[in-house]
Amino acid sequence: MSVIFLLLKPLLFLMVKRLFKKQMKAFLIQMLEEYVKSTDNDIDDAIVLKVKSAMRLGVV
């Protein structure tokens, strides 16, 4: 799964950067949260929370 995530990550960031749509941001956060569930450390949990707050999703 991590190989697929590493291949898709640049495309997702490009789409979010160009489109700035709330749906794409929510999808990116959802993918990051699913990836974090597969790891054991707390650092990536904190990173996802920071990214989520920095994107200011609000109501989608």
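What you see is a predicted model, and the numbers here were worked out from it, not measured in a lab.

Student: Tell me about helix H3 (residues 43-55), and name the residues and values.
Tutor: With 13 residues, H3 ought to run about 18 Å at 1.5 Å a step, and its terminal C-alpha atoms sit 19 Å apart, in line with that. Restricting attention to buried positions, one finds in H3 the residues Asp44, Val48 and Met55. Here the buried residues of H3 occupy an arc of 45° about the axis, which is enough to place them on one side. For H3, the exposed residues set more than 90 degrees away from the buried face come down to Ile43, Leu49, Lys50, Ser53 and Ala54. If you follow the buried residues of H3, they end up packed against helix H2 (22-37).

Student: Can you lay out the pattern of salt bridges for me, pointing to particular residues and giving the numbers?
Tutor: Going through the model one piece at a time under the given rule, you end up with 2 salt bridges. Salt-bridge contacts for Lys52 lead to Glu33; the nearest nitrogen and oxygen are separated by 3.2 Å. A residue pair is termed long-range when its members are at least 10 positions apart, and Lys52 in helix H3 and Glu33 in helix H2 qualify at 19 residues. Close ionic contact of Lys37 with Glu34 constitutes a salt bridge, the shortest N to O distance being 3.4 Å. You can see Lys37 and its partner Glu34 sitting in helix H2, 3 residues apart, about one turn around the helix. Lys37 gets classed as exposed once you look at its relative accessible area, which sits at 64%.

The rules behind the values
Residues numbered from 1 in each chain as written. Predicted model: local features only at pLDDT ≥ 70, side-chain atom pairs only at ≥ 80, totals over all residues. Heavy atoms only, no water. Helix = DSSP H or I, 4+ residues; strand = E, 2+ residues; numbered from the N terminus. Expected span 1.5 Å × (residues − 1). Buried < 20%, exposed > 50% of the residue type's maximum accessible area, 1.4 Å probe, protein only. Arc of directions from axis to C-beta. Contact = heavy atoms within 4.5 Å. Salt bridge = Lys/Arg side-chain N within 4 Å of Asp/Glu carboxyl O.

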